[in-house]
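Read off the chains here:
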Amino acid sequence: MSKLVTIFGGSGFVGRYIAQKLAADGWRVRIAVRRPNEALHVRPYGVVGQVEPVFCNIRNDESVAAVMSGATAVVNCVGTFDRKGKNSFDAIQHEGAERIARLATAHGVQTLVHLSALGIESDEASEYAASKRAGEEGILQHFPNAMILRPSVIFGPEDGFFNKFAGMTRMGPFFPLVGGDTKFQPVYVEDVAAAAVMGVDGEAQGTYELGGPEVKTLRSWIDVIMAEVHREKIVVNLPKFVGRIMAWGFDLAQTLSLGLFKNGLVTRDQIKQLGNDSIVSEGAKTLADLGIKPIAAEAVIDQYLWRFRPMGQYDAIRDSAKNLKV
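Another point: the nonpolar core. Core analysis: the largest hydrophobic core is formed by 69 residues, its most contacted members being Ile-7, Val-29 and Phe-162. The element contributing the most residues to this core is helix α6 (residues 189–200), with eight residues. Apart from residues no more than four positions distant in its own chain, Val-29 is found in contact with Leu-4, Val-5, Ile-7, Ala-19, Leu-22, Ala-23, Gln-50, Val-51 and Glu-52. Grouped together as the second largest cluster of nonpolar side chains are 22 residues, Ala-32, Cys-56, Ile-100 and Leu-103 included.

Together, Arg-34, Arg-35, Arg-59 and Lys-86 make up a positively charged patch on the protein surface. Structurally, Arg-35 can be placed in the loop between β2 (28–33) and β3 (51–55).

Because the α-helix completes a turn every 3.6 residues, residues three or four places apart line up on one side. The end-to-end C-alpha distance of helix α4 (residues 127–142) is 23 Å, a good match for the 22 Å that 16 residues give at a rise of 1.5 Å each. Within the sequence span of α4, burial applies to Tyr-128, Ala-129, Ser-131, Lys-132, Arg-133, Ala-134, Gly-135, Glu-136, Gly-138 and Ile-139. As for α4, its buried residues are in contact with α3 (89–106), β5 (111–115), β6 (147–151) and α9 (268–273). Measuring from the side-chain oxygen of the N-cap residue of α4 to the backbone nitrogen of Tyr-128 gives 3.1 Å; that N-cap residue is Ser-126.

Together, Phe-174, Ile-234 and Val-236 make up a nonpolar patch on the protein surface, roughly 270 Å² of accessible area in all. Given the relative accessible area of 31%, Val-236 is considered partly exposed.

Let's shift gears to the environment of Arg-102. One can find Arg-102 in helix α3. Measuring from C-alpha to C-alpha, the distance between Arg-102 and Gln-141 comes to 8.4 Å, with 39 residues separating the pair along the chain. Apart from the residues within four sequence positions on either side, Arg-102 is in contact with Asp-61 and His-142. A polar contact is formed between the side chain of Arg-102 and the side chain of Asp-61, at a distance of 3.0 Å.

Let's shift gears to the environment of Arg-150. Of note, Arg-150 is situated in strand β6. Under the relative-accessibility criterion, Arg-150 is labelled buried at 9%. Sequence separation between Arg-150 and Ser-278 is 128 residues, and the spatial gap between their C-alpha atoms is 9.9 Å. If we ignore the near neighbours within four places in the chain, the residues touching Arg-150 are Ser-116, Ala-117, Leu-118, Glu-121, Glu-136, Thr-207, Tyr-208, Glu-209 and Leu-210. Polar side-chain contacts of Arg-150 include one of 3.3 Å to the side chain of Glu-121.

Cut-off values and rules
Residues numbered from 1 in each chain as written. Predicted model: local features only at pLDDT ≥ 70, side-chain atom pairs only at ≥ 80, totals over all residues. Heavy atoms only, no water. Core = buried A, V, L, I, M, F, W, Y, C linked by side-chain atoms within 4.5 Å. Buried < 20%, exposed > 50% of the residue type's maximum accessible area, 1.4 Å probe, protein only. Helix = DSSP H or I, 4+ residues; strand = E, 2+ residues; numbered from the N terminus. Contact = heavy atoms within 4.5 Å. Patch = residues over 30% accessible without salt bridge, like charges linked within 9 Å, V, L, I, M, F, W, Y side chains within 5 Å. Areas by Shrake-Rupley, 256 points an atom, 1.4 Å probe, with all protein chains shown as cover. Salt bridge = Lys/Arg side-chain N within 4 Å of Asp/Glu carboxyl O. Lys, Arg positive; Asp, Glu negative; His and termini not counted. Charge placed at Lys NZ, Arg CZ, Asp CG, Glu CD. Expected span 1.5 Å × (residues − 1). Polar contact = N/O pair within 3.5 Å; in protein donor to acceptor, adjacent residues only side chain to side chain.

Structure follows, in structure tokens:
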């Protein structure tokens, strides 16, 4: 019988890529999510019955233990951007991560991979970073041989980085930007998934910082995005205090709407995070130590950012038509 892996948050952006790779390697994959009916897209990742979404509440011991039963390996991809409420930073990224590690040890799980974030050690102000640090500590306390992955911003077709900023290029002639000097080292989702699979297979353990081959400021990445979507905007670098005022407004709208409004461009906690670079630190173990050659963002993003161009997929045809001689 093939081995079983439980992936918490396996239907999300990163989790689905890990699930596909493990299914291709012959693993039975159990996808632990809050809403299994919204995760049915994972089933075709394997043969009939190989990949199954199941209900799990990461805040409940019995629920976590149930989906972990019989598993050889566990992957935790669950994260949140909710500062308050039942699914807050602390409840999900600290207590939830620690719960998974504690119960994994109790159930004899052999390998555990935890998805954290880059730059959290140097970020003293952000509640998000604090919860991530506490989660890592809880993981290592109960499962010392776990593999912890700390990626920079992750890019891929469903990402929330390049897609978000590309969408903003559609809004008027100006492009407001906060934290333009902050450095990012985007890493390809396929590379993150490949690293996670090595941890599941027991080929690696310890903490790895994952970044792509290019480091640029946020302002420079915006230039890359605008070139890809064939749009020119006037970038307005806003002071941090202006960003904090804007974020306060978005946070207030979410609070007053009882959580119904969740589409703010930025939160106060994200403004705090922009005070720290998201790049691999010197001396850290990286993708290179896993034998993985990272893919550059500019080699991939044109494959999915084309939909933000003025004429979408027809932009290239229009440009070619300009060269025709009548």
